[in-house]
Amino acid sequence: MSAYPKAVAEGWHPVATLKALRKGKPLARRLMGKPVVVFQSADGPAVLLDRCPHRNMALSRGRVREGAIECPYHGWRFAQDGRCVLTPGAEEPARHGATPLPVIERAGIIWTTLAERPNAGPTLPHPIEADGFDSFWWPIKPTRARLLDAVENLLDPAHPHFLHPGIVRSGTARNPVEATVRVAHDYAEARYIENTQAQALMPRVMEGKRVASIGRFFPPSTGQVAFENTKGLKLSITVFFVPEADELVRPLAHLATQSGVIPPIFKEIMLRAFDMVILAQDQLALRRQAEDIAAFGAPKYAVGPLDVLFPAIHALANGETPAPSERTLRMML
Ligand code: FES
Ligand SMILES: [Fe+2]
């Protein structure tokens, strides 16, 4: 049995951007504790277990030669499907191949899975593949965090007053908000109707009058926060939380804003500047939370009145199919 939630263990995860791959070097990654190597092969993007079948050297230490990955120890070369295509000094390549993993390329990202019988492919929430948005991918370095705690952190409306005062929420003033929590068989969302001029810095600069903010969860471990104004979806931040190992999470963020008069590069610079600060604050909290949980051996969670997505996140990540439901409640955010 895997220690990872079922949908996570069986799900598709992003391992590299096409942009990073095109630089030509093999990329060393980890997925749920397993080292994998991602490289651009003659037949397209390839993901192999990062282990040479010959003497177990990590293939990511090698280089890409003629569309195959070359082990740095004795020079065996492997193709996209793991087949050994060259064994230097021998007439025929060795019959022993490296282990290939399934690969899907979508939206400029390489996805793979450790599932024995993979499902159709990754879930890419709107607006990742939609027209009419300026968007960019933002790969974030792995940091210590518990996987579902990291997902919940992104979607949690209760901590910004405390962790990000003045940036995401005011830190002092709260407004009445109506929250509608919808759980479906394959995702869950909380929609917060705000209808106010936000007081904190980031929403002021990026959004103008905010009508609603929405937090969504998609299994295996994807969170999305979206902000709508009177003209519709204004900004969405979708984060794929990749479980590299126990308590080691590599987030890949996708940010999209409604196309308009502001040049995309300007928006990208603004978003990165704000999010860099917020990210550092969240990462520090998540690292401390993981350390504090470790001191007790295991977590024990109280589900508070504002933790509206917590049960659905855990159910969906664990491969359960929650009964569809919808409820509305009031809170102060
Ligand atoms: S260890 Fe890879 S070729 Fe020998
Ligand atoms: Fe946060």
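Rules used throughout
Residues numbered from 1 in each chain as written. Chains lettered and ligands numbered in written order. Predicted model: local features only at pLDDT ≥ 70, side-chain atom pairs only at ≥ 80, totals over all residues. Heavy atoms only, no water. Helix = DSSP H or I, 4+ residues; strand = E, 2+ residues; numbered from the N terminus. Rg over C-alpha atoms; globule rule 2.2 N^0.38 Å. Buried < 20%, exposed > 50% of the residue type's maximum accessible area, 1.4 Å probe, protein only. Contact = heavy atoms within 4.5 Å. Areas by Shrake-Rupley, 256 points an atom, 1.4 Å probe, with all protein chains shown as cover. Salt bridge = Lys/Arg side-chain N within 4 Å of Asp/Glu carboxyl O. Core = buried A, V, L, I, M, F, W, Y, C linked by side-chain atoms within 4.5 Å. Domains from an automatic or database assignment. Buried area = accessible area lost by both parts, 1.4 Å probe. Nonpolar A, V, L, I, M, F, W, Y, C, P; charged D, E, K, R; others polar. Pairing = 2+ DSSP bridges. Phe/Tyr/Trp six-rings, centres within 6.5 Å; stacked < 30°, edge-to-face > 60°. Axes fitted to C-alpha atoms, helices over the stretch in contact; angles between N-to-C directions. Parallel < 35°, antiparallel > 145°, perpendicular 65-115°, else oblique. Left-handed = near helix turned anticlockwise from the far one by under 90°.

A. Here's a closer look at the overall build of the protein chain. Scanning the protein chain from terminus to terminus reveals 7 helices and 19 strands. Rg of the C-alpha trace for the protein chain: 22 Å, near the compact-globule value of 20 Å for 333 residues, within the 12% margin. Projected onto the principal axes, the alpha-carbon positions of the protein chain cover approximately 75 × 50 × 35 Å. Counting over 333 residues, the protein chain shows a buried share of 51%. Considering only residue pairs separated by 6 or more positions, the protein chain has 59% of its internal contacts joining residues 24 or more positions apart. When the accessible surface of the protein chain is summed, it comes to about 16,300 Å², and 54% of that surface belongs to carbon and sulfur atoms.

B. Representation of the environment of Ala317 within the structure. Positionally, Ala317 belongs in helix α7 (residues 310–317). As for Ala317 and Lys234, which are separated by 83 residues in sequence, their C-alpha atoms are 28 Å apart. Leave out the neighbours within four places in its chain, and Ala317 touches Pro5, Lys6, Ala7, Val8, Leu148, Phe217 and Pro220.

C. Layout of unusual backbone geometry. Residue Pro127 follows His126 across a cis peptide bond; omega there is 5°. Within the secondary structure, Pro127 sits in the loop between β10 (109–113) and β11 (133–139). Of the consecutive residues Pro219 and Pro220, the connecting peptide bond is found in the cis state with omega at 10°. Of note in the backbone geometry, Asn56 takes a positive phi value of approximately 70° without being a glycine. Structurally, Asn56 can be placed in the loop between β4 (44–49) and β5 (63–65).

D. Looking closely at the pattern of salt bridges. Within this structure, the stated rule accounts for 19 salt bridges. The partner of Lys6 in a salt bridge is Glu10, and the shortest N-O contact between them spans 3.6 Å. Placement of both Lys6 and Glu10 in helix α1 (residues 6–10) is noted, with a separation of 4 residues, approximately one turn of the helix. Exposure remark for Lys6: the relative accessible area of 46% places this residue in the partly exposed category. One network of salt bridges, in which partners are shared, links Arg182, Glu189, Arg191, Arg216, Glu228 and Glu326.

E. View of the nonpolar core. Tyr192, Val308, Leu309 and Met331 are the most contacted members of the largest nonpolar core, which totals 44 residues. Counting contributing residues per domain, this core is built from domain 1 (6–113) and domain 2 (133–332), each supplying no fewer than three. Setting aside residues no more than four positions away along its own chain, Leu309 makes contact with Leu155, Val181, Ala188, Glu189, Ala190 and Gly215. Val37, Phe39, Leu48 and Ala98 belong to the second-largest nonpolar core, a separate cluster that totals 14 residues.

F. Examining the domain arrangement of the protein chain more closely. You can read the domains of the protein chain as domain 1 (6–113) and domain 2 (133–332). Here domain 1 and domain 2 have C-alpha centroids that lie 33 Å from each other. In this complex, domain 1 contributes 16 residues to the contact, which on the side of domain 2 involves 19 residues. Roughly 1,300 Å² is buried in total at the junction of domain 1 and domain 2, and carbon and sulfur atoms are behind 68% of that figure. Considering only the surface of domain 1 that becomes buried against domain 2, Val8, Pro14 and Arg30 emerge as the three largest contributors, covering 35% of it. Where domain 1 meets domain 2, there are 0 salt bridges. Elements with a contribution of two residues or more to the side of domain 1 that touches domain 2: α1, β1 (12–17), β2 (27–31) and β10. Across the side of domain 1 that touches domain 2, the residue classes break down as 9 nonpolar, 4 polar and 3 charged.

G. Structural context of the pairing of β2. Residues Leu27, Arg29 and Leu31 point to one face of β2 and are all buried, whereas Ala28 and Arg30, pointing to the other face, are not buried. In the sheet, β2 pairs with strand β3 (residues 34–41) via 5 bridges, with the strands oriented antiparallel. Within β3, the position partnered with Ala28 by the bridge is Val37. Turn length for the β2-β3 hairpin, with the two strands adjacent in sequence and antiparallel, is 2 residues, and the turn residue Met32 shows positive phi of about 45°.

H. Layout of the packing of aromatic side chains. Across all of its chains, the model carries 5 aromatic pairs by this definition. Feature note: the residues Trp111, Trp137 and Phe240 constitute an aromatic cluster, connected by ring pairs.

I. Broad picture of the packing of helix α3 (residues 147–155) against helix α6 (residues 264–296). Two elements in contact, α3 and α6, have axes separated by 10 Å at closest approach and are oriented at 140°. Classified by the interaxial angle, the pair formed by α3 and α6 is oblique. Between α3 and α6 lies a crossing of right-handed hand. Touching Asp149, Ala150 and Asn153 of α3 are Asp282, Leu286, Gln289 and Ile293, all from α6. Among the residues making up the contact of α3 with α6, the classes are represented as 3 nonpolar, 2 polar and 2 charged.

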